[in-house]
Structures are given as structure tokens and as C-alpha cells.
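Each chain is listed here by its residues.
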Amino acid sequence: MYLDAAFKSAAESQRVPWQIEDVIGDDDVLDFSRPFLPEALARASSLTALDADERLLVNHIRAHEYLGIFGLVEEFILPFVLDHARPQLGDDDDRTRALLQFASEEAKHIQLFKRFHTAFEAGFGHACPLIGPPAEVARVVLGHDPLSVALTVLQIEWMTQAHYVESVRGDPDLDPLFKSLLRHHWIEEAMHARLDTLMVEALAQGRDADAIESAFAGYLEIVAYLDAGLDAQTEINLGIFERAAGRTLDSAGHGEFLSGQRQAARWTFLGSGMSHPRFRATLGQIAPAALARLDAVAPAYF
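Being a predicted model, the structure only gives us computed values, none of them experimental.

Q: Would you explain the pattern of salt bridges in this entry?
A: Under the counting rule described, the total for this entry stands at 13 salt bridges. One salt bridge in this structure joins Arg266 and Asp231, with 3.5 Å as the shortest N-O distance. Highlighted residues: Arg266 in helix H10 (residues 251-274) and Asp231 in helix H9 (residues 209-245), separated in sequence by 35 residues. Of the residues examined, Asp231 reaches a relative accessible area of 22% and is grouped as partly exposed.

The following block contains the structure:
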């Protein structure tokens, strides 16, 4: 009864709708004289081998990665939410309406990020490849227990909230267009975090401790898989940087770039979600013993 009432509340909640054209139109351009990501996420200032212009370049590359990785994970979140809703499609209930709205908004976000990618490359002047392909990433992630996937999605949803509230919203130096894009994404992800919390609770219902522990182990496997992908993306980003900067870093510069930016990506996409109080609260509710395991692995991503 609690979950039914919660899904009804989610389905009936009122949000201001927005369309992609409200956020970034065909004629909108990004201001490459300004940073796109807050320094707390980009962590470019620690790259001592680079000058100020080159550190701004890294900020832009990381911003492209930021939305590109979000687009990548949305590609597995969308089918996951639809799979969760599908068994209930015969019932026109609040849970189905809420989940279908969730899926519709995730599909919109995928298109929003593709629009940004086009605008970014037009202004940046260099190709910016991303890891993938998305279908393969989705295949690997969705091959795990649905509760493992739901925990991964919940971590992602709460990290999105933390990034905007703690780092983006109060930063006056960021490019206004990119900041607006993050704000619009945040608006809808706030409800998605709530809905995914309900999904985690529903998937955990009726499971014994061993089954939940197995699902948590699957969640950690997904985290390790995503972490390996972030390592690969950092290598790609180094190549993008050197092409755009017109110079090749020496071995010390390479090492500094890779180590610093790998850890920045780990914090951005993994550590900031693992440490979010709301994610920890939900995990502690369904699997109190798992919190100790999370605390043991999480510092590697800070």
C-alpha cells in the first residue's frame, strides 16, 4: 500500500514541462571563453603542466564528456524503466503512468544531449569521440539483476541532484547556455530519483538477505564496468586535448593528466553518487550490511 500511494503521488506531481527547443535551439552557441563545468567536477586547476587557456580547454572537454556519459547511461535507463513498467501496461494505474513519464523524459534527455554534442563540436572545432557503443554498454549493464541495475540508476539520479545543487547552481562564471541545460536536466531528474527509490524498494520486497546481497554484488560489478569505461574515456580525452592544444605533453604531463582526470571522472560519475546521503539511506534500508561494503570501496572513487 505504501508503494502504491507513493507512485500515485509521483504520477500526480506537477512539474513545469519543457521541450528541447526551450533549452538549446538551432542557432544557439556555446561561449567557449567561459568554463562549462564547475571546478569541483572538472578538476582542471591541478594540472600544473597546462597554462590557463589549456585548463579551460580541459574544462570544455570534460563538459562534453559529462553530457556524453549521461547520454550513454540514459540509453540503458530508458529500456530498464520500460521493462519495469511493461508488466503493468494492462492496468491504467498511477505506477504505470509515473514510470512511462519517467521513460519519456529519459528519451527526451538523450535527444537533448545529442543536440548539445552537435553544438559543441561546431564551436570546439575538433571531433570528440565517446566510449560505447551505447547498445553494448546497455547489454552488459542490463544483463545484471534488475535490483543491481536499479541501485546503479539510483546512484546516478542522486549524483545529478548533488552536482547541480552543490556546484552548478551557485557558480556565476559558467556559460549560461550550458548552465541552463544542466538546470533543465536537474528539474526532471529530481522526480526520477524519487521514482527510482520506489523501484529499488519494490524490487527488494520479498527477497531474503542472500538475494539482496547478491544484487548488491551485481551493483558493484556494474560500478567496476563503468569505472573501466571512464578510464578509457580519459585516454580519449587526452588525445582530444593534444589535438586541440596543438602540442603533445611530455611523459610527466601525460601522467599528471591521466591520474588527475581519471580521479576527477571517478568522483563525478561514481563517488559523488555513492556518498550521497539519500542513496546511502535507501541502501541501508534494504541492506544494512551492504553499507559497510560500500564504505570500504567508495574512497577509491573520491
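Q: Please explain the side chain of His185 as it appears in this structure.
A: For His185, the position within the fold is in helix H8 (residues 176-204). A relative accessible area of 2% places His185 in the buried class. In terms of polar contacts, His185 uses its side chain to reach the side chain of Glu74, at 3.3 Å. Excluding anything up to four places from it in sequence, His185 contacts Trp18, Phe70, Glu74, His109, Phe113 and Thr160.

Q: What is the right way to look at empty space enclosed by the protein in this model?
A: Once rolled over the atoms, a probe with the size of a water molecule shows which space is left empty. This structure, assessed with the given rule, holds one cavity of 30 Å³ or more. One number sums up the size of the largest cavity: a volume of about 50 Å³. Every residue lining the largest cavity is listed: Tyr66, Thr160, His163, Tyr164, Val168, Leu182, His185 and Trp186. Put simply, the parts of the chain that give the lining of the largest cavity at least two residues each are helix H7 (146-168) and H8. Among the elements that take part in the lining of the largest cavity, H7 stands out by supplying four residues, more than any other. Counted by class, the lining of the largest cavity contains five nonpolar, three polar and no charged residues.

Q: Where do I start with helix H4 (residues 52-85) in this structure?
A: An α-helix turns once per 3.6 residues; consequently, residues spaced three or four apart project the same way. Along its 34 residues, H4 runs 49 Å from first to last C-alpha, staying within 8% of the 50 Å computed at 1.5 Å per residue. With 26 of 34 residues buried, H4 lies mostly within the body of the structure. Here H4 starts with a cap whose side-chain oxygen sits 3.1 Å from the backbone nitrogen of Asp53, and that cap is Asp51.

Q: Would you mind going over H10 with me for this structure?
A: Helix length check: H10, at 24 residues, gives a terminal C-alpha distance of 33 Å against a target of 34 Å (1.5 Å per residue), a fit within 8%. Residue Trp267 marks the point of greatest curvature in H10, where the axis turns by about 45°. With a side-chain oxygen positioned 3.2 Å from the backbone nitrogen of Ala252, the residue opening H10 is Asp250.

Q: Where do I start with the packing of aromatic side chains in this structure?
A: Each aromatic ring pair is described using two quantities: the centre-to-centre distance and the angle formed by the ring planes. For the coordinates displayed, the defined rule picks out 17 aromatic pairs. Between Phe36 and Phe178, the ring centres sit 5.5 Å apart and the planes meet at 20°, which makes this aromatic pair stacked. Of this pair, Phe36 sits in the loop between helix H2 (20-23) and helix H3 (39-42) while Phe178 sits in helix H8, and the two are 142 residues apart along the sequence. The class of Phe36 is buried, set by a relative accessible area of 0%. On the basis of relative accessibility, which here comes to 0%, the residue Phe178 falls in the buried class. Here Phe70 and Phe269 contribute two aromatic rings whose centre-to-centre distance is 6.2 Å and whose plane-to-plane angle is 70°, an arrangement assigned as edge-to-face. Pair noted here: Phe70 is in helix H4 and Phe269 is in helix H10, with a separation of 199 residues, a long-range link. The buried category is assigned to Phe269, whose relative accessible area is 6%.

Q: What is the right way to look at the packing of helix H5 (residues 94-124) against H8 in this model?
A: A pair of packed helices is captured by two measures, namely the crossing angle of their axes and the spacing between those axes. Viewed as axis vectors pointing N to C, H5 and H8 meet at an angle of 145°, and their least axial separation amounts to 10 Å. Two packed elements cross with a definite hand, and for H5 against H8 that hand is left-handed. Of the residues in H8, those touching H5 at Arg95, Ala98, Leu99, Phe102, Glu105, Glu106, Lys108, His109, Leu112, Phe113 and Phe116 are Phe178, Leu181, His185, Glu188, Glu189, His192, Leu195, Asp196, Met199 and Ala202. By residue class, the composition of the contact of H5 with H8 is eleven nonpolar, three polar and seven charged.

Parameters and conventions
Residues numbered from 1 in each chain as written. Predicted model: local features only at pLDDT ≥ 70, side-chain atom pairs only at ≥ 80, totals over all residues. Heavy atoms only, no water. Salt bridge = Lys/Arg side-chain N within 4 Å of Asp/Glu carboxyl O. Helix = DSSP H or I, 4+ residues; strand = E, 2+ residues; numbered from the N terminus. Buried < 20%, exposed > 50% of the residue type's maximum accessible area, 1.4 Å probe, protein only. Polar contact = N/O pair within 3.5 Å; in protein donor to acceptor, adjacent residues only side chain to side chain. Contact = heavy atoms within 4.5 Å. 1 Å grid on protein atoms, 1.4 Å probe; cavity = no way out; pocket = protein on both sides within 12 Å on 5 of 7 lines; lining within 4 Å. Points joined across faces, edges and corners; volume = space filled by probe spheres on them. Nonpolar A, V, L, I, M, F, W, Y, C, P; charged D, E, K, R; others polar. Expected span 1.5 Å × (residues − 1). Bend = angle between axes of the 7 residues up to and from the residue. Phe/Tyr/Trp six-rings, centres within 6.5 Å; stacked < 30°, edge-to-face > 60°. Axes fitted to C-alpha atoms, helices over the stretch in contact; angles between N-to-C directions. Left-handed = near helix turned anticlockwise from the far one by under 90°.

Any link to function would need more than the numbers given here.
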